[in-house]
Amino acid sequence: MSDPTPGRPFGAVFSASCARASADDLGEWLAFAQAACDEADEVALHHFRRDLDVMTKPDRSFVTVADQAIERLIRDRIQARFPDHGLVGEEYGDVAGRGSARWYIDPIDGTHNYIRGVPLFGTLLALEVDGEIQVGVLSAPALRERWYASRGAGAWAVGAAGNEGPRRIRVSRVATLDDAQILYGSAAELDASGKVPGFRPLLQSVWRERGFGDFWGYALLAEGAAEAMVEVDAKTWDLAAPLVLIEEAGGRLTDFSGARRIDRLEMVASNGLLHDEVLARLRTAD
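Treat the numbers as computed from the prediction; the structure is a model and nothing was measured.

About the criteria used
- Residues numbered from 1 in each chain as written.
- Predicted model: local features only at pLDDT ≥ 70, side-chain atom pairs only at ≥ 80, totals over all residues.
- Heavy atoms only, no water.
- Buried < 20%, exposed > 50% of the residue type's maximum accessible area, 1.4 Å probe, protein only.
- Helix = DSSP H or I, 4+ residues; strand = E, 2+ residues; numbered from the N terminus.
- Pairing = 2+ DSSP bridges.
- Expected span 1.5 Å × (residues − 1).
- Polar contact = N/O pair within 3.5 Å; in protein donor to acceptor, adjacent residues only side chain to side chain.
- Lys, Arg positive; Asp, Glu negative; His and termini not counted.
- Salt bridge = Lys/Arg side-chain N within 4 Å of Asp/Glu carboxyl O.
- Contact = heavy atoms within 4.5 Å.
- Axes fitted to C-alpha atoms, helices over the stretch in contact; angles between N-to-C directions.

**Here's the deal with the pairing of strand S5 (residues 101–109)**
Okay, step 1: The element S5 is extensively covered by neighbouring structure, given that 8 of its 9 residues are classed as buried.
Okay, step 2: Pairing analysis gives 4 bridges linking strand S3 (residues 86–89) to S5, with the strands arranged parallel. When the sheet's bridge partners are listed, Gly 86 is paired in S5 with Arg 102.
Okay, step 3: Bridge count between S5 and strand S6 (residues 122–129): 7 bridges; the pairing is antiparallel. Bridge pairing in S6 places Asp 106 opposite Leu 124.

Shown next as structure tokens:
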């Protein structure tokens, strides 16, 4: 994944420059991802708010039968349609492809919400080609909402909250922290990480802060409802789809050092206008 060019760290032109395929290919991949998420939504809703078999993985995180069923379904669809493509999945690991394309699969982002009957969960699916994420879908069936993007074609949302849609979405134009709403995953995890000594002072300096984690925070940012999102312990499958969504919406996503990457278990996403200032504040305890 390349760093932004000097003088153009974010925005529609930069995002479009990250395309690694034709518009026809991008459209085909996005349509496939949407169809796969349609099926995933049915599985997720079938098990939601019912008795679930919940298992604990070696890292002490939880997984349900729905997580496993959705990932198996999506893997089967990908391997049947694109046998040369690789796979990176939360539940069943990596499969090397025969080319430079690979899919990132998060079958249920927000598993803890899902287990407890909270409707803030979704399937995240994204395709990477030559090191650049090309398409991404974030599908939240209990909310009846979905967000998606492909390089050069904009970021879009569809669902009940927007009178069905689709509607094009963009990040906000708020340019001062005094007017900003900051979102984050887990405050306790951010504090414990030791990576962001300025996290608490940052929250005290903004207009409003809320702990809207998982995919929901990225979606709100892309919609222009917030100006930044901060998270630790984020995996590649958590960030792949949000990356292209946020960049196509005009925003920016990096690790805490400012590098454009999704493999560091840490993330700051923003509307771009406040990105450098948020990073600087997070690094400083004063």
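After that view, the rundown keeps rolling.
**What to know about helix H3 (residues 65–81)**
Okay, step 1: With 17 residues, H3 extends 24 Å from end C-alpha to end C-alpha; this agrees with the ideal 24 Å at 1.5 Å per step.
Okay, step 2: Along H3, the residues classified as buried are Ala 66, Asp 67, Ile 70, Glu 71, Leu 73, Ile 74, Arg 75 and Ile 78.
Okay, step 3: The N-cap of H3, judged by a side-chain oxygen 3.2 Å from the amide nitrogen of Ala 66 a few residues on, is Thr 64.

**Observations regarding the side chain of Glu 227**
Okay, step 1: One can find Glu 227 in the loop between helix H7 (214–223) and strand S13 (228–232).
Okay, step 2: Of the buried charged residues, Glu 227 lacks a salt bridge, with Arg 208 as the closest side chain of opposite charge at 9.1 Å.
Okay, step 3: Within the structure, the side chain of Glu 227 is placed 2.6 Å from the side chain of Ser 172, a separation counted as a polar contact.
Okay, step 4: Here Gln 181 takes part through its backbone nitrogen, which lies 2.7 Å from a polar atom of the side chain of Glu 227.
Okay, step 5: Residue contacts for Glu 227: discarding those within four places in its chain leaves Ser 172, Val 174, Asp 179, Ala 180, Gln 181, Leu 221, Ala 269, Ser 270, Asn 271 and Leu 274.

**As for the sheet that holds strand S15 (residues 266–270)**
Okay, step 1: Spatially, S12-S11-S13-S15-S14 is the arrangement adopted by the 5 strands of the open sheet, whose pairing is mixed. The sheet terminates laterally at strand S12 (208–210) and strand S14 (252–254), the two strands that pair on one side only. Pairwise comparison of adjacent strand axes, ignoring direction, gives a mean angle of 15 degrees for this sheet.
Okay, step 2: Where strand S11 (residues 181–184) meets S13, 3 bridges bridge the pair, whose relative direction is parallel. Of the residues in S13, the one forming a bridge with Tyr 184 is Val 230.
Okay, step 3: Each of S14 and S15 is contacted by helix H8 (residues 236–248), which is oriented at about 20 degrees to S15, the strand it contacts most.

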